[in-house]
Amino acid sequence: MDAASFVQVNASFITREVPKRVTSRGSSKASASAFVGLAKIGQDYGWLCKVQMFSTYTGLAAMLLACMYYGCPAKQSRDPNMAGSRVLTVYLGLVIGLLYFSTDQYLPSLPEMEVELGGSEMLLSGSVQLNLFLKCLAGLIVAPLSDQVGRQPIFATCATLLILGSLGCALAPDVNWFLAARVIQSLGESLEPLIFAIIRDCYQDEQERLVAVSLVGSLMMMGIALGPVVGGLVASLCHWRVPFLALSLAWALMALFAVLWLHETAAGSKGGNYWQNVKRVFCDRHLVTILLTEILVLSTYYSFNANVSYLTEGVYGMSTVSTSWMMGAFSLISAIGMIIVTNSKSPVLSTARLWMTLFSLGAGGSFVVAALFYQDDLWSYMGSSFLMGFFLACYMPLSVLYLERVEDIAGTAASFEVFAQAGPPAIYSAVATQGIIHGGQRGLTAFQAGSTLLAGIVFWIGYSNEAAEEADEG
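Every chain is numbered on its own, with residues counted from 1 as its sequence reads. Local features in this predicted model are restricted to residues whose pLDDT is 70 or higher, and side-chain atom pairs enter the listing and the counts only when it is 80 or higher, whereas totals over whole chains, interfaces and linings include all residues. Note that the side-chain values use all heavy atoms of the structure and ignore hydrogens as well as water.

**Structural notes on helix H11 (residues 206–237)**
The α-helix winds at 3.6 residues per turn, so residues separated by three or four positions along the chain end up facing the same way.
Reasoning step 1: Helix length check: H11 (32 residues) gives 46 Å between terminal C-alpha atoms against 46 Å at 1.5 Å per residue, within 8%.
Reasoning step 2: Note that bend, as reported per residue, equals the angle between axes fitted to the 7 residues terminating at that residue and the 7 residues originating from it. Numbering of helices and strands runs from the N terminus; a helix is a DSSP stretch of H or I covering at least four residues, while a strand is a stretch of E covering at least two. Where H11 bends most, the angle comes to about 40°, and this point is Leu226, followed within four residues by the proline Pro228.
Reasoning step 3: Where H11 begins, one side-chain oxygen reaches toward the backbone nitrogen of Gln207, 3.1 Å away; that side chain belongs to Asp205. Here a helix's expected span is defined as the number of its residues, less one, multiplied by 1.5 Å. What qualifies as a polar contact is a pair of N or O atoms within 3.5 Å, subject to a donor-acceptor requirement within protein and to the restriction that residues adjacent in sequence count only when both atoms come from side chains.

Rendered as structure tokens:
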């Protein structure tokens, strides 16, 4: 779940504001000199980016060939001290927050980057979608591998790739090398399913796992909310390369922690081969129900996130700053919902039932009313979206239920969940963009109403009373 897909439609709005930022920066000789110096990093140190990228790709190829020829290293024994660790949970939350911050922070700088790197709007905007696609695809390989060789070595390797990818982006001399560095970042970001697999490893109790997932989800939303704001502010004061340099240092700290403190959390593998594990997930009625429900829940969110700036700025003429405040308010409301879910004392299945009902009937009904009767009122749409954001916490108990019975293949199962939360919703949001283009506010609202209501229907069918009893017995 991230704000990356908003570049589908609003790059042109940001472009109009770039000259203002550059002009104001040029008003100060000192700041102008610093800006020019930072802008020349790509020229002066571009060779270092090329060497680094060549070495990284060569090293990855060598590791792959070594594993194919000699086999993968054996999994280390599980460290019981990792179970229930609050320090570990906070660390995982910081990691996932940084993951989403890393992508979202450079969105406001895309027009400047287009000029400096000699790329097109399509290439720079496409770098966001490329990142999302490759992250999901790599996760389908990396996370199942962690079931076999362990979480710790895969996690540390991905964190190292994030250092190299961030530094490569900061030093990139042109758009081609920037994209090469973004690919490395994508491979590093494929550790996202491992975060939820580790939580499954370390928290056997459902209620405790719900608290951990809620904390991680809250920090993720914080990364989503702060990314464009902080990244845009730093870029306006210094240069767009500065956040990438800072991120390379932040990832260095995360990688150091993973190497020195993070021990193995995965249980001994009892699952079959990869295809047997795939069949185990997709032949389970409850697991498939949760995956389909999460696709629809996150499709509603992505449709808002990808198109709200087009609606506020393109249709209603509001400023980018106003849109940023609205998106920040949405993230804050979502975090409040997560806190309430975290403090729920009901069984996880009961919590999921309640919040899915509220999400579908509350937010879905509000979208229906807004589409039918208030299609020209911005705040009817924003109010419905804020309500949706509050109930968006419904996906957290769903995630806890999903991983409950797949502890031995948690990495494989989590990779499918992360893909379901990102891939299909991104496609749905692109279709919803066509809805607003051809149908205006009513078209976008209708798409969100449809996915919200359908999410509840799918969940209720899969977790009917009879199915819920079977789940409780399982």
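Having put the structure on the table, let's press on.
**Things to note about the environment of Ile336**
Reasoning step 1: Along the chain, Ile336 turns up in helix H15 (residues 320–342).
Reasoning step 2: To sort residues, take the accessible area from a 1.4 Å probe on protein chains only and compare it with the maximum for the residue type: under 20% means buried, over 50% means exposed, and anything in between is partly exposed. Judged by relative accessible area, which is 40%, Ile336 ranks as partly exposed.
Reasoning step 3: Counting along the chain gives 53 residues from Ile336 to Gly389, while the straight-line C-alpha distance between them is 9.5 Å.

**Observations regarding the environment of Leu311**
Reasoning step 1: Here Leu311 shows up in helix H14 (residues 285–315).
Reasoning step 2: In the structure, Leu311 is positioned 125 residues away from Ile436 in sequence and 7.9 Å away in space, judged by C-alpha atoms.
Reasoning step 3: Excluding residues within four positions of it along the chain, Leu311 makes contact with Tyr316, Leu378, Tyr381, Ile436 and Gln441. Contacts are assigned to residue pairs with any non-hydrogen atoms lying within 4.5 Å of each other.

**Looking at the packing of helix H18 (residues 395–403) against helix H19 (residues 410–462)**
Reasoning step 1: Only the contacting stretch of a helix is used when fitting its axis, a line to C-alpha atoms as for every element, and angles between N-to-C directions run 0 to 180 degrees. Contact pair H18 / H19: the axes reach a minimum separation of 9 Å and the direction vectors enclose 150°. Judged by the angle between their axes, H18 and H19 are roughly antiparallel. For the element pair H18 and H19, the recorded crossing hand is right-handed. Contacts between H18 and H19 involve Tyr395, Leu398, Ser399, Tyr402 and Leu403 from the former and Ala410, Ala413, Ala414, Phe416, Glu417, Gln421 and Phe459 from the latter.
Reasoning step 2: Along the lines of polarity and charge, the residues of the contact of H18 with H19 split into nine nonpolar, two polar and one charged. Under this scheme an angle from 65 to 115 degrees is roughly perpendicular, one under 35 degrees roughly parallel, and one over 145 degrees roughly antiparallel; angles in between are oblique. Here a crossing is taken to be left-handed if its near helix is turned anticlockwise relative to the far helix by less than a right angle, and right-handed if that turn runs clockwise. We call Asp, Glu, Lys and Arg charged. Ala, Val, Leu, Ile, Met, Phe, Trp, Tyr, Cys and Pro are nonpolar, and the rest, Gly among them, are polar.

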